[in-house]
Amino acid sequence: MIKFNVPSVVGNEINYINKTIETRCFSGDGYFTKKCTNWFEEEYLTYKALLTPSCTHSLEMAALLLDINDGDEIIMPSYTFVSTANAFVLRGARIVFIDIRPDTMNINEQLIVDAITNKTKAIVVVHYAGVSCEMDVIMDIARRYNLAVVEDAAQGVNSFYKGKALGTIGHIGCYSFHETKNYHCGEGGAILLNDEKYIERAEIIREKGTDRSKFYRGQLDKYSWIDLGSSYLASELNAAFLYSQLERANEINNIRLERWNEYYKGLLPLMELGKIHLPIIPKLIDHNAHMFYMKVKDIEERSDLINYLKENDVMSVFHYIPLHTSDAGKKFGSFFGNDKYTTSESERLLRLPLYYDLELNKVKWICELIIKYYL
Ligand SMILES: *Cc1c(COP(=O)(O)O)cnc(C)c1O
C-alpha cells in the first residue's frame, strides 16, 4: 500500500530532543526556538519570526494584531482550509470570498478591487500547493486602499516569488509545521512580522497579553497584563524536532522537487492527449513541491480514479470543499461575484502521494497506473 502521506524524519530529531531533555528547558523561546526563528530571519530576511503551536494560531494572532472587529470584512479565496477564515470569524469579521484562478488555484487578484468596501480591513492570500499568488499586484492594491495583507503560507515554506520567500511579502506571514507539511514537528507554526510596528504587540499577544518577553530579556523588573492575548508559544520539544528539519531544508526540498518533476514528466503524455491537466507554475516563481495534483474531467471521473488507485494499493485524496458552500461559510461569509472556477475546479482536483520517503520508482509506477487507467 502506498500511503498518501508519511511525515518525514530526517536524522537529528531524537538527538535534539535529547539535548532539550538534558538542559531541562521545555517551555517556549529556548535554545532550539531561537535556532528556528534565526533560521527564518536570516534565510528569508524578515524582521521577526515567532514560533506558534500551529498555523491556525498564527492566523489568529494576525487577526488580533490587525485589530479585526465586529463587522470588518476580510477578502480571501473560498478554496482554502477552514483556519484561513475561522481566525478572522473569531474576531467578529465577515468573510468575503472571491473566485480563484484556474491555473494556480490561488485568489484571482483581478477580482479583489471590486470586492473592497469601506469595511474591508485585510486581504488574506493562500499560496496553494506552495505556488505563490500574484503578490506584486496584491501588494499594490493593498497600498492603494490601505489594507493589510496576510499570507497564509502554510504550504509555502521555502517557496519564492521573484526571489522573496513566501510569508515575507505581505505584512504578516503564517507558516505551518503540521506533519502534512514540508518541514514539520507534528503540530507547529510560525508568524512572520514583516513590519517592525507589529513586533512588540505580537510578543505581548503571544505571552497571554503580558510583557513577559521583555521581562525575560531583563528589560523590566516585573511583568503584567497589558493587552488581549493568549498562549501562542511552541514547546521547545517541538522546536528541537523542527530545527533538525530546517537544517536539512534544501535537501528535503530537492527530494520533493525530484518527485514532483517525475510525476510531471510521467503524466505529461496524458495532458498532451487532452485527458488531464497538470499544475501550472507561473514564471519567476520557485515552488517547494508541497503537493502534486492533477485535474481530471469531473467529479465522477475523480471518484472512479480514486477507487481504481485504491484497488491498486495507491491512496489519493482531494480537498477542499469550497468554504462558501459549507454551513459555517454561509453563516459567516458570502461569495462576491461569480463562482466561475472555485467549485468546478475543486471538483476536478486529485492529489497524489508525495513525501520525503516516497521512492522515485513508486512515482514512476503510479504514473504508469494512471496512464493505464486512461488508455
Ligand atoms: C495546513 C494549513 C493550515 C493549518 O495549519 P495548522 O498548522 O494545522 O494549523 C492553514 N491553511 C492552509 C492553507 C493549510 O494548508
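None of the values given here were measured: they were computed from a predicted structure.

A.B. asks: Would you mind showing me how to read the overall build of the chain here?
C.D. replies: Counting its secondary structure elements, the chain contains 14 helices and 13 strands. Viewed in the frame of its principal axes, the chain has a C-alpha envelope of about 75 × 55 × 35 Å. Every one of the 375 residues in the chain was classed for burial, and the buried ones make up 55%. A sequence separation of at least 24 residues applies to 71% of the contacts in the chain between residues at least 6 apart. By element, 51% of the accessible surface of the chain is carried by carbon and sulfur atoms, the whole surface being about 16,500 Å².

A.B. asks: What am I meant to see in the sheet that holds strand S6 (residues 160-161) here?
C.D. replies: In a beta sheet, neighbouring strands pair by backbone hydrogen bonds and run either parallel or antiparallel. Read from one edge to the other, the open sheet built from three strands follows the order S7-S6-S10, with strand pairing classed as antiparallel. Looking at strand neighbours, the two that pair on one side only are strand S7 (164-165) and strand S10 (285-286), the edges of this open sheet. Two elements, S6 and S7, share two bridges in a ladder whose sense is antiparallel. From the neighbouring strand, Tyr161 faces S7, where its bridge partner is Lys164.

A.B. asks: How do you make sense of the layout of surface pockets when you look at a structure like this?
C.D. replies: Gaps left between atoms are located by rolling a probe of water-molecule size over the structure's atoms. By volume, the largest pocket is sized at about 510 Å³. Lining the largest pocket we find 31 residues, and of these Gln155, His178, Thr180, Lys181 and Tyr320 sit closest to its centre. Within the residue set of the lining of the largest pocket, elements represented by two or more residues are helix H3 (55-65), helix H4 (82-89) and strand S13 (349-352). Along the lines of polarity and charge, the residues of the lining of the largest pocket split into twelve nonpolar, 14 polar and five charged. When residues of the lining of the largest pocket are sorted by domain, at least three fall in each of domain 1 (12-244) and domain 2 (249-374). As a volume, the second largest pocket reaches approximately 340 Å³. Along its surface, the second largest pocket is lined by 16 residues, and Asp29, Lys34, Lys48, Glu203 and Arg217 are the ones closest to its centre. Sorting elements by how many residues they give to the lining of the second largest pocket places helix H2 (residues 31-44) first, with five residues. Residue composition of the lining of the second largest pocket, grouped by class: four nonpolar, five polar and seven charged.

A.B. asks: When you look at the UniProt feature "modified residue: N6-(pyridoxal phosphate)lysine" (unreviewed entry) in the chain in this model, what are you seeing that I'm missing?
C.D. replies: In the numbering used here, UniProt assigns the "modified residue: N6-(pyridoxal phosphate)lysine" (unreviewed entry) feature to Lys181. If you trace the backbone, Lys181 turns up in the loop between strand S8 (172-176) and strand S9 (189-193). For Lys181, a relative accessible area of 17% gives the class buried. Setting aside residues up to four positions removed in sequence, Lys181 forms contacts with Ala154, Gln155, Ser176, Arg256 and His290.

A.B. asks: How should H3 be read in this particular structure?
C.D. replies: An α-helical turn contains 3.6 residues, so any two residues separated by three or four positions project in the same direction. Where burial is concerned, most of H3 is hidden: nine out of the eleven residues are buried. The set of residues buried in H3 consists of Cys55, Ser58, Leu59, Glu60, Met61, Ala62, Ala63, Leu64 and Leu65. Where H3 is buried, its residues touch strand S1 (48-52), H4, strand S5 (148-152), S8, S9 and helix H7 (199-206). The N-terminus of H3 is capped by Ser54, whose side-chain oxygen sits 3.3 Å from the backbone nitrogen of Thr56. Asp67 sits one or two residues past H3 and shows a positive phi near 55 degrees.

A.B. asks: Any chance you could explain the site of the ligand here in plain terms?
C.D. replies: Around the ligand lies a shell of 13 residues, among which Thr56, Asp152, Gln155, Ser176 and Lys181 are the nearest. Between the ligand and Gln155 there is a distance of 2.8 Å, counted from an oxygen atom to a side-chain nitrogen or oxygen. In the model, an oxygen atom of the ligand is placed 2.7 Å from a nitrogen or oxygen of the Ser176 side chain. Considering the ligand on its own, with 380 Å² of exposed area, one finds that the protein chains cover 93% of that surface. Here the ligand is seated within the largest pocket. Its residues assigned to classes, the shell around the ligand shows five nonpolar, six polar and two charged.

A.B. asks: Can you help me understand the packing of H2 against helix H9 (residues 236-246) in this one?
C.D. replies: Helices that pack against each other are described as a pair by the angle of their axes relative to one another and the distance between those axes. Where H2 meets H9, the closest approach of the two axes is 7 Å, and the angle between their N-to-C directions is 40 degrees. Taken together, the axes of H2 and H9 lie oblique to each other. Crossing geometry of H2 relative to H9 is assigned as left-handed. Along its contact with H2, which presents Tyr31, Phe32, Thr33, Lys35, Cys36, Trp39 and Phe40, the element H9 presents Glu236, Ala239, Ala240, Leu242, Tyr243 and Leu246. When its residues are assigned to classes, the contact of H2 with H9 shows ten nonpolar, one polar and two charged.

A.B. asks: I tried to follow the pattern of salt bridges on my own but got confused; where do I start?
C.D. replies: Two side chains with opposite charge may pair up if their charged atoms get near one another. If you walk through the whole model with that rule in mind, you get 20 salt bridges. Lys121 is the salt-bridge partner of Asp72, the closest N and O atoms lying 3.0 Å from each other. Placement of the pair is Asp72 in the loop between H3 and strand S2 (73-77) and Lys121 in strand S4 (residues 120-126), with a sequence separation of 49 residues. With a closest N to O distance of 4.0 Å, Asp298 and Lys297 form a salt bridge. In this structure, a network of salt bridges that share partners links the residues Asp67, Arg201 and Asp227.

A.B. asks: Hey, could you run me through the domain arrangement of the chain in this one?
C.D. replies: The accessible area lost on association of the parts is a frequent measure of interface size. As far as domains go, the chain holds domain 1 (12-244) and domain 2 (249-374). Each side of the interface is counted separately: domain 1 has 40 residues, and domain 2 has 39 residues. Across the domain 1 to domain 2 interface the summed buried area is about 3,400 Å²; carbon plus sulfur atoms make up 59%. The interface formed by domain 1 and domain 2 includes 24 residue pairs in polar contact (both at pLDDT 80 or more). Those elements that place two or more of their residues in the side of domain 1 that touches domain 2 are H4, strand S3 (94-98), helix H5 (112-115) and S6. In terms of residue count, the dominant contributor to the side of domain 1 that touches domain 2 is S3 (five residues). Considering only residue class, the side of domain 1 that touches domain 2 consists of 22 nonpolar, eleven polar and seven charged.

Quick notes on the rules
- Residues numbered from 1 in each chain as written.
- Predicted model: local features only at pLDDT ≥ 70, side-chain atom pairs only at ≥ 80, totals over all residues.
- Heavy atoms only, no water.
- Helix = DSSP H or I, 4+ residues; strand = E, 2+ residues; numbered from the N terminus.
- Buried < 20%, exposed > 50% of the residue type's maximum accessible area, 1.4 Å probe, protein only.
- Contact = heavy atoms within 4.5 Å.
- Areas by Shrake-Rupley, 256 points an atom, 1.4 Å probe, with all protein chains shown as cover.
- Pairing = 2+ DSSP bridges.
- 1 Å grid on protein atoms, 1.4 Å probe; cavity = no way out; pocket = protein on both sides within 12 Å on 5 of 7 lines; lining within 4 Å.
- Points joined across faces, edges and corners; volume = space filled by probe spheres on them.
- Nonpolar A, V, L, I, M, F, W, Y, C, P; charged D, E, K, R; others polar.
- Domains from an automatic or database assignment.
- UniProt positions renumbered as here; feature names shortened; annotations may be inferred.
- Polar contact = N/O pair within 3.5 Å; in protein donor to acceptor, adjacent residues only side chain to side chain.
- Near = heavy atom within 4 Å.
- Sits in = over half its atoms within 2 Å of the grid points.
- Axes fitted to C-alpha atoms, helices over the stretch in contact; angles between N-to-C directions.
- Parallel < 35°, antiparallel > 145°, perpendicular 65-115°, else oblique.
- Left-handed = near helix turned anticlockwise from the far one by under 90°.
- Salt bridge = Lys/Arg side-chain N within 4 Å of Asp/Glu carboxyl O.
- Buried area = accessible area lost by both parts, 1.4 Å probe.

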